[in-house]
Amino acid sequence: MPHFLDINKTAPADLRAMIDQAAAMKTDRTGRPKGAPDDDQPLAGRMVALIFEKPSTRTRVSFDVGVRQMGGQTMVLTGSEMQLGHGETIADTARVLSRYVDLIMIRTFEEDVLLEMSDHASVPVVNGLTNRTHPCQIMADILTFEEHRGPIAGKKVVWCGDGNNVFASLAHAAGQFGFDLTFSGPPTLDPERLFLDEARTKGVTVTIERDPARAVAGADLVVTDTWVSMHDSQTTRERRHNQLRPYQVNEALMAQAKPDALFMHCLPAHRNEEVTDAVMDGPQSVVFDEAENRLHAQKAILRWCLGV
Ligand code: CP
Ligand code: NVA
């Protein structure tokens, strides 16, 4: 079953094909109203369930619009409204939904929920974010980088901040797309070593550099994310802010990167915390292109899952 669970679980050739198809589909839609159907309607007759156990703006809207553009239908479900949130097992939920819909996208907390869903679903399952990874976001980011700067292979990407779920998928992508990756954050918020080690086995350079100015030297792309993710305890908020303040992406830090370095953030951003307004709204920022590209990248992911 072609589930899209993580970037490291999908073959590099398939990932490349998805990025290329996303770029082509984006070009085809130039100038069209957002609600206009794609000419080929590859999802005609398909029903897609979008399950959210956490808040979302981009993932929810981009999946919904993307399915509709391709001629399919969606139903958005929130965990608390489903029996899933009241004791029905994930396995039974997967079995039942597979009788009604052609694909399940789920945003949830523990990765085990996603894995159990995919183990028991007889239709493809797509990871719309877990505590551990966020692969759809990073597919959109690869698309965004390449439309601005060409192939990402061999480039230097630097992450400043928390070693979180978005970083984990970026590390998966480093191995699969062949770019070098530097993590810069405090030791207490390091990513799981596994993510770094696995990328290294694929021949890319993955480093940890505690000094953010040294980390971004020579960077083609600087990336950050919120200092407190949806699954993080709010009681650690103040401590995290104190630890992460030196890793704020501001104009002084961007000046250490290559002059044509891009800045990315998956959004939602906490302005003037992890990134300043000057960088978010500045000429190197492509954050709203990233948000748009969720739509195009996910359309290609859905087509790959459904083989259409
Ligand atoms: N970047 C992202 O996944 O945004 P949402 O939480 O709004 O879906
Ligand atoms: N790391 C963030 C990403 C949100 C899109 C979170 O998990 O809350």
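Residues numbered from 1 in each chain as written. Chains lettered and ligands numbered in written order. Predicted model: local features only at pLDDT ≥ 70, side-chain atom pairs only at ≥ 80, totals over all residues. Heavy atoms only, no water.

For the protein, an unreviewed UniProt entry supplies the name Ornithine carbamoyltransferase and the organism Roseicyclus mahoneyensis. Recorded under Subcellular location (unreviewed entry), the UniProt text for the protein is reproduced unchanged: "Cytoplasm". (UniProt positions renumbered as here; feature names shortened; annotations may be inferred.)

Visitor: Looking at this model, I keep getting lost on the overall build of the protein. Mind explaining?
Guide: In terms of regular secondary structure, the protein is built from 12 helices and nine strands. Its C-alpha radius of gyration of 19 Å places the protein within 12% of the 19 Å reference for a compact globule of 308 residues. Dimensions of the protein, computed from C-alpha atoms along their principal axes, come out at roughly 55 × 45 × 35 Å. When each of the 308 residues of the protein is scored for burial, the buried share is 55%. Nonlocal contacts in the protein, meaning residues at least 24 apart in sequence, comprise 74% of its contacts between residues at least 6 apart. Surface summary for the protein: the accessible area is close to 12,500 Å², and the carbon and sulfur share equals 51%. Charge separation in the protein, taken as the distance between the mean sites of 32 positive and 42 negative side-chain charges, equals 1 Å. (Helix = DSSP H or I, 4+ residues; strand = E, 2+ residues; numbered from the N terminus. Rg over C-alpha atoms; globule rule 2.2 N^0.38 Å. Buried < 20%, exposed > 50% of the residue type's maximum accessible area, 1.4 Å probe, protein only. Contact = heavy atoms within 4.5 Å. Areas by Shrake-Rupley, 256 points an atom, 1.4 Å probe, with all protein chains shown as cover. Lys, Arg positive; Asp, Glu negative; His and termini not counted. Charge placed at Lys NZ, Arg CZ, Asp CG, Glu CD.)

Visitor: How should the site of ligand 2 be read in this particular structure?
Guide: Taken together, Leu 129, Asn 164, Asn 165, Val 166, Asp 225, Thr 226, Ser 229, Met 230, Cys 266 and Leu 267 form the complete shell of residues around ligand 2. Between ligand 2 and the protein, one listed contact pairs a nitrogen atom with a side-chain N or O atom of Asn 164 at 3.3 Å. Against a free-state accessible area of 270 Å², the protein chains account for coverage of 94% of ligand 2. (Near = heavy atom within 4 Å. Polar contact = N/O pair within 3.5 Å; in protein donor to acceptor, adjacent residues only side chain to side chain.)

Visitor: I would appreciate a short explanation of helix α12 (residues 287-306) in the present structure.
Guide: Turn by turn, an α-helix covers 3.6 residues, leaving residues three or four places apart pointing in a common direction. Between its first and last C-alpha atoms α12 spans 29 Å; for 20 residues at 1.5 Å apiece the expected length is 28 Å, and the two agree. The largest bend in α12 comes to about 35°, at Asn 293. For α12, the buried fraction is high: 15 of the 20 residues fall into the buried class. Following α12 by one or two positions, Gly 307 has its phi on the positive side, about 65°. (Expected span 1.5 Å × (residues − 1). Bend = angle between axes of the 7 residues up to and from the residue.)

Visitor: What exactly am I supposed to notice about the nonpolar core here?
Guide: Soluble globular proteins tend to bury their nonpolar side chains together. Ranked by internal contacts, the top residues of the largest apolar core, which has 55 residues, are Phe 4, Val 126, Met 139, Phe 177 and Phe 179. Top contributing element to this core by residue count: helix α6 (residues 165-177), with eight residues. When we break this core down by domain, the ones giving at least three residues each are domain 1 (32-132) and domain 2 (135-290). Contacts of Phe 179, omitting those with residues within four sequence positions, involve Ile 142, Ile 152, Gly 154, Lys 155, Val 157, Leu 170, Ala 173, Ala 174 and Val 204. Listed in part, the 22 residues of the second largest apolar core include Ala 215, Ala 219, Leu 244 and Val 287. (Core = buried A, V, L, I, M, F, W, Y, C linked by side-chain atoms within 4.5 Å. Domains from an automatic or database assignment.)

Visitor: Can you help me understand the site of ligand 1 in this one?
Guide: What surrounds ligand 1 is the set Ser 56, Thr 57, Arg 58, Thr 59, Arg 107, His 134, Gln 137, Cys 266, Leu 267 and Arg 294. At a separation of 2.8 Å, an oxygen atom of ligand 1 approaches a polar side-chain atom of His 134. Between an oxygen atom of ligand 1 and a side-chain N or O atom of Arg 294, the distance comes to 3.0 Å. Relative to its free-state accessible area of 250 Å², ligand 1 is covered by the protein chains to the extent of 96%. Two domains each put at least three residues into the shell around ligand 1: domain 1 (32-132) and domain 2 (135-290).

Visitor: Teacher, can you tell me more about the domain arrangement of the protein here?
Guide: By a widespread convention, an interface's size corresponds to the accessible area lost as its parts come together. What the domain assignment lists for the protein is domain 1 (32-132) and domain 2 (135-290). Each of domain 1 and domain 2 was reduced to a C-alpha centroid, and the two centroids are 27 Å apart. Contacts between domain 1 and domain 2 engage 12 residues on the former and 12 residues on the latter. Carbon and sulfur atoms make up 59% of the surface buried where domain 1 meets domain 2, a total of about 950 Å² over both sides. When the buried surface of domain 1 facing domain 2 is broken down by residue, Arg 58, Asn 131 and Arg 132 rank first, second and third, together holding 57% of it. Joining domain 1 to domain 2, the criterion identifies one salt bridge. Residue Arg 132 is joined to Glu 192 by a salt bridge in which the shortest nitrogen-to-oxygen separation is 2.7 Å. At the junction of domain 1 with domain 2, the criterion picks out two residue pairs in polar contact (both at pLDDT 80 or more). Within the residue set of the side of domain 1 that touches domain 2, elements represented by two or more residues are α2 (58-69) and β4 (125-127). Considering only residue class, the side of domain 1 that touches domain 2 consists of five nonpolar, three polar and four charged. (Buried area = accessible area lost by both parts, 1.4 Å probe. Salt bridge = Lys/Arg side-chain N within 4 Å of Asp/Glu carboxyl O. Nonpolar A, V, L, I, M, F, W, Y, C, P; charged D, E, K, R; others polar.)

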